[in-house]
Amino acid sequence: MNTSLQIKNLTRDEILTHIDALAGILENCVNGGASVSFMLPYSPDKARIFWRGIAESVARGERLVLVCVDAQDGIIGTVQLITDQPENQPHRADVAKLLVHEKSRRKGAAMALMEALEAEARARDISVLVLDTSTGSGAETFYQRAGWQKVGEIPRYALMPDGAMTATSVFYKFL
């Protein structure tokens, strides 16, 4: 891991304090073509609304929001661990919205975030993580390199930000 990177687990209030930085990362990723649930055109206002909702979810104890901080650039990436699961799945969590600003990619932020997320999951006795990502994306390659197991693909699962249809690849990882 890049030793100049720090991972922090944000509280509701910290998310709201850093909402502009978080919104900037989300906007950068969506406008760059990332399939993370949003459509173009995407604005900072939409991103702030999203992060306000996430802050409230954190306050309710439904998820964790981890951020990667670079000494020069502030918050450069983020990922979420969704722990609010059905009663019969207390051992499982979903991974969502692994986002790294394009200017900070390929410096170890994504791997640092995922390693910290896995440590947080283990500390909560979570032994199975699940995620999905756009088939054929750089994220799909990243997850395979990070030791995730691909279950399969679901065709025509979602729209890319520009409206093109995409499949999704489903992954899991045992901790």
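Above this text you will find the structure in question.
In short, a report on the structure.

What counts, and at which threshold
In every chain, residue numbers begin from 1 and rise along the written sequence. With pLDDT at 70 or above as the cut-off, local features in this predicted model cover only qualifying residues; side-chain atom pairs require 80 or more to be listed or tallied, and sums for whole chains, interfaces and linings still use all residues. Side-chain numbers come from the whole structure's heavy atoms, not from hydrogens or water. Remark: exposure states derive from per-residue accessible area (1.4 Å probe, protein chains only) relative to the maximum for the residue type, with buried under 20%, exposed over 50%, and partly exposed in between. For the purposes of this entry, the term helix denotes a DSSP run of H or I that reaches at least four residues, the term strand denotes a run of E that reaches at least two, and both are numbered from the N terminus. By arc we mean the arc of the directions from the helix axis to the C-beta atoms, nothing more. Note on definitions: a residue-residue contact is assigned when non-hydrogen atoms from the two residues lie within 4.5 Å. Like-charged residues within 9 Å of one another, or nonpolar side chains (Val, Leu, Ile, Met, Phe, Trp, Tyr) within 5 Å, are grouped into patches, provided each residue has over 30% relative accessible area and no salt bridge. Where accessible areas are quoted, they stem from the Shrake-Rupley method and a 1.4 Å probe; at the residue level, only the protein chains shown are allowed to cover. When a carboxyl oxygen of Asp or Glu lies within 4 Å of a side-chain nitrogen of Lys or Arg, that pair is called a salt bridge. Multiply 1.5 Å by the residue count of a helix minus one, and that product is the helix's expected span. Side-chain atoms within 4.5 Å link the members of a nonpolar core, which is a set of buried Ala, Val, Leu, Ile, Met, Phe, Trp, Tyr and Cys residues. In what follows, a disulfide is any cysteine sulfur pair within 2.5 Å. Pairing of aromatic side chains here covers Phe, Tyr and the six-membered ring of Trp, requires ring centres within 6.5 Å, and sorts the geometry by plane angle: under 30 degrees stacked, over 60 edge-to-face, intermediate tilted. Two N or O atoms form a polar contact when they lie within 3.5 Å of each other; inside protein one atom must be a possible hydrogen donor and the other a possible acceptor, and for residues adjacent in sequence the pair counts only when both atoms belong to side chains.

Some words on helix H5 (residues 138-145)
Side chains that are three or four residues apart share a direction in an α-helix, a result of its 3.6 residues per turn. For H5, the complete set of buried residues consists of Glu140, Phe142 and Tyr143. Along H5, the residues classed as buried sweep out an arc of 160° about the axis, all on the same side. The outward face of H5, more than 90 degrees from its buried face, is lined by the exposed residues Gly138 and Arg145. Residues of H5 that are buried make contact with strand E4 (92-100), helix H4 (109-123), strand E5 (128-134), strand E6 (149-159) and strand E7 (165-174). At the C-terminal side of H5, Gly147 shows a positive phi close to 90°.

Observations concerning a nonpolar patch on the surface
The grouping of Met39, Leu159 and Met165 at the surface amounts to a nonpolar patch, some 270 Å² of accessible area in total. As for its position among the elements, Met39 is in the loop between helix H2 (19-31) and helix H3 (44-59). Accessibility expressed as a relative area gives 33% for Met39, which makes it partly exposed.

Remarks on H4
Helix length check: H4, at 15 residues, gives a terminal C-alpha distance of 21 Å against a target of 21 Å (1.5 Å per residue), a fit within 8%. Buried within H4 we find Ala109, Ala112, Leu113, Met114, Ala116, Leu117, Glu118 and Ala121.

Looking at the nonpolar core
Among the nonpolar cores identified, the biggest contains 25 residues, and Val79, Leu81, Val95, Met114, Leu129, Tyr143 and Trp148 are the most heavily contacted of them. Secondary structure elements with two or more residues in this core: strand E2 (63-70), strand E3 (74-82), E4, H4, E5 and H5. Here Val79 is in contact with Leu64, Val65, Leu66, Val95, Ala96, Lys97, Leu98, Leu113, Met114 and Leu117, once residues within four sequence places are set aside. Ile25, Val30, Phe50 and Ile75 belong to the second largest nonpolar core, which has 23 residues in total.

Thoughts on the state of the cysteines
According to the stated counting rule, one finds zero disulfides in the structure shown. No disulfide involves Cys29; its sulfur sits 13 Å from that of Cys68, the nearest cysteine.

Let's talk about the pattern of salt bridges
A complete count under the given rule lists eleven salt bridges for this structure. Across the pair Asp45 and Arg48 runs a salt bridge whose closest N-O atoms are separated by 3.0 Å. Taken together, the residues Asp45 and Arg48, both in helix H3 and three residues apart, mark about one turn of the helix. A relative accessible area of 54% means that Asp45 is categorised as exposed.

What to know about the packing of aromatic side chains
Each aromatic ring pair is described using two quantities: the centre-to-centre distance and the angle formed by the ring planes. Per the counting criterion, the structure on display carries seven aromatic pairs. Taken together, a centroid distance of 5.2 Å and an interplanar angle of 85° make the contact between Phe38 and Phe50 edge-to-face. Residue Phe38 is found in the loop between H2 and H3, and its partner Phe50 is found in helix H3; the two are separated by twelve residues along the sequence. Of the two residues, Phe38 and Phe50, neither departs from the other in class, the shared state being buried. Taking the centre distance of 5.0 Å and the plane angle of 55° together, the rings of Tyr172 and Phe174 count as tilted. Through successive ring pairs, a cluster of aromatic residues spans Phe38, Tyr42, Phe50 and Trp51.

Some details on the side chain of Gln80
The topology assignment puts Gln80 in strand E3. A distance of 2.5 Å separates the side chain of Gln80 from the side chain of Arg63, its partner in a polar contact. Filtering out sequence-adjacent residues up to four positions away, Gln80 remains in contact with Phe50, Trp51, Ile54, Arg63, Leu64, Val65, Asp94, Val95, Ala96, Lys97 and Leu117.

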